[in-house]
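# Working through the structure, step by step
As a plain string of letters, each chain reads:
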Amino acid sequence: MIKSELIEKLSAENPHLFQRDIENIVNAILGEVGDALARGDRVELRGFGAFSIKNRPPRTGRNPRTGEQVAVAEKYVPQFKAGKEIRERLNK
Amino acid sequence: MANRTVTRADLAEAVYQSVGLSRTESAELVERVLDLICDALVEGDNVKLSSFGSFQVRAKNERIGRNPKTGEEVPIFPRQVLVFKPSNVLKTKINKSMVGAGK
């Protein structure tokens, strides 16, 4: 399922809303999750899962082909941990 | 930097602010979005949300685990796990605001 298919399903359930509005709603939700992570916040959605960010400190990496040392800058990576309810549903 | 935890209520508020819907309806829509994503995943479908990321269901094989406290061997049964792969857009957005922001 891709975003546009999700929007179509929501549109079918909400005939009183314009598809344009549904699109804005989905983008508002995803945007809010992204903004929260960009602020360093955690996003916890019970039953679904939790998003958080993890720091990766700077390190010296190596080009595996040439063996040459390269500096890898500090970075942050988003993480997701699936919630209990969905984990159970996936394994039924 | 007081990091907070963002919940469904905050997502509903974001919906409420972006479209002229009632708070109740905004909250219901947040729930439906999450439910539809879950349903697709449970049916074995991957969910790709452009500029956000994708959720994939992966099958894990059985393996032998160990209770770290007792050293006892326990079988870990084959199971389905959910993985999230963030899009480059999301990764870039997070790094832009976090790196060098003194966090």
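Here, the structure is the one placed above.
In what follows, the accompanying structure is described. (Residues numbered from 1 in each chain as written. Chains lettered and ligands numbered in written order. Predicted model: local features only at pLDDT ≥ 70, side-chain atom pairs only at ≥ 80, totals over all residues. Heavy atoms only, no water.)

If you tally the helices and strands in chain B, you get three helices and six strands. C-alpha atoms of chain B, sized along the principal axes, occupy 55 × 40 × 25 Å. Burial statistics for chain B: of 103 residues in total, 33% are counted as buried. Taking the intrachain contacts of chain B between residues at least 6 apart in sequence as the baseline, contacts between residues at least 24 apart amount to 30%. For chain B, the exposed surface amounts to about 6,300 Å²; the carbon and sulfur share of it is 50%. Computing the positive centroid from 16 side-chain charges and the negative centroid from 12, chain B places the two 12 Å apart. (Helix = DSSP H or I, 4+ residues; strand = E, 2+ residues; numbered from the N terminus. Buried < 20%, exposed > 50% of the residue type's maximum accessible area, 1.4 Å probe, protein only. Contact = heavy atoms within 4.5 Å. Areas by Shrake-Rupley, 256 points an atom, 1.4 Å probe, with all protein chains shown as cover. Lys, Arg positive; Asp, Glu negative; His and termini not counted. Charge placed at Lys NZ, Arg CZ, Asp CG, Glu CD.)

On to the packing of helix 1 (residues 3-13) of chain A against helix 2 (residues 19-39) of chain A, then. Residue and element names in this part refer to chain A. It is the contact of helix 1 with helix 2, at a shortest axis distance of 9 Å, that shows an interaxial angle of 125°. Considered as vectors, helix 1 and helix 2 are oriented oblique to each other. Considering how the two elements wind past one another, helix 1 and helix 2 form a crossing that is right-handed. Across the interface between the two elements, K3, L6, I7, E8, L10 and S11 of helix 1 pack against Q19, I22, E23, V26, N27 and L30 of helix 2. When grouped by side-chain class, the residues that make up the contact of helix 1 with helix 2 number six nonpolar, three polar and three charged. (Axes fitted to C-alpha atoms, helices over the stretch in contact; angles between N-to-C directions. Parallel < 35°, antiparallel > 145°, perpendicular 65-115°, else oblique. Left-handed = near helix turned anticlockwise from the far one by under 90°. Nonpolar A, V, L, I, M, F, W, Y, C, P; charged D, E, K, R; others polar.)

Within a beta sheet, neighbouring strands are joined by backbone hydrogen bonds and run either parallel or antiparallel to one another. Spatially, four strands are ordered 5(A)-2(A)-1(A)-1(B) in an open sheet, and the strand pairing comes out mixed. At either margin of the open sheet sits one strand with a lone partner, and together these are strand 5 (75-82) of chain A together with strand 1 (5-6) of chain B. Across eight bridges, the pairing between strand 2 (residues 49-56) of chain A and strand 5 of chain A is antiparallel. Each residue of the ladder has a partner; that of R56 of chain A, found in strand 5 of chain A, is K75 of chain A. Docked against the sheet, helix 2 of chain A engages strand 1 (42-45), strand 2 and strand 5 of chain A together with strand 1 of chain B, running at close to 35° with respect to strand 2 of chain A. Its contacts with the sheet put helix 3 (residues 88-98) of chain B on strand 2 and strand 5 of chain A, and the angle it makes with strand 5 of chain A is roughly 125°. (Pairing = 2+ DSSP bridges.)

Another aspect to go through is the interface of chain A and chain B. Contacts between the two partners involve 46 residues from chain A and, on the opposite side, 52 residues from chain B. Here chain A packs against chain B, burying approximately 4,500 Å² in sum over the two surfaces, 69% of which is carbon and sulfur. Linking chain A with chain B are three salt bridges, by the criterion used here. The salt bridge involving D35 of chain A is made with K93 of chain B; its shortest N-O contact spans 2.6 Å. Counting across the interface, chain A meets chain B through 18 residue pairs in polar contact (both at pLDDT 80 or more). No other element matches helix 2 of chain A, which puts 16 residues into the side of chain A that touches chain B. Classifying every residue of the side of chain A that touches chain B by side-chain character gives 25 nonpolar, seven polar and 14 charged. (Buried area = accessible area lost by both parts, 1.4 Å probe. Salt bridge = Lys/Arg side-chain N within 4 Å of Asp/Glu carboxyl O. Polar contact = N/O pair within 3.5 Å; in protein donor to acceptor, adjacent residues only side chain to side chain.)

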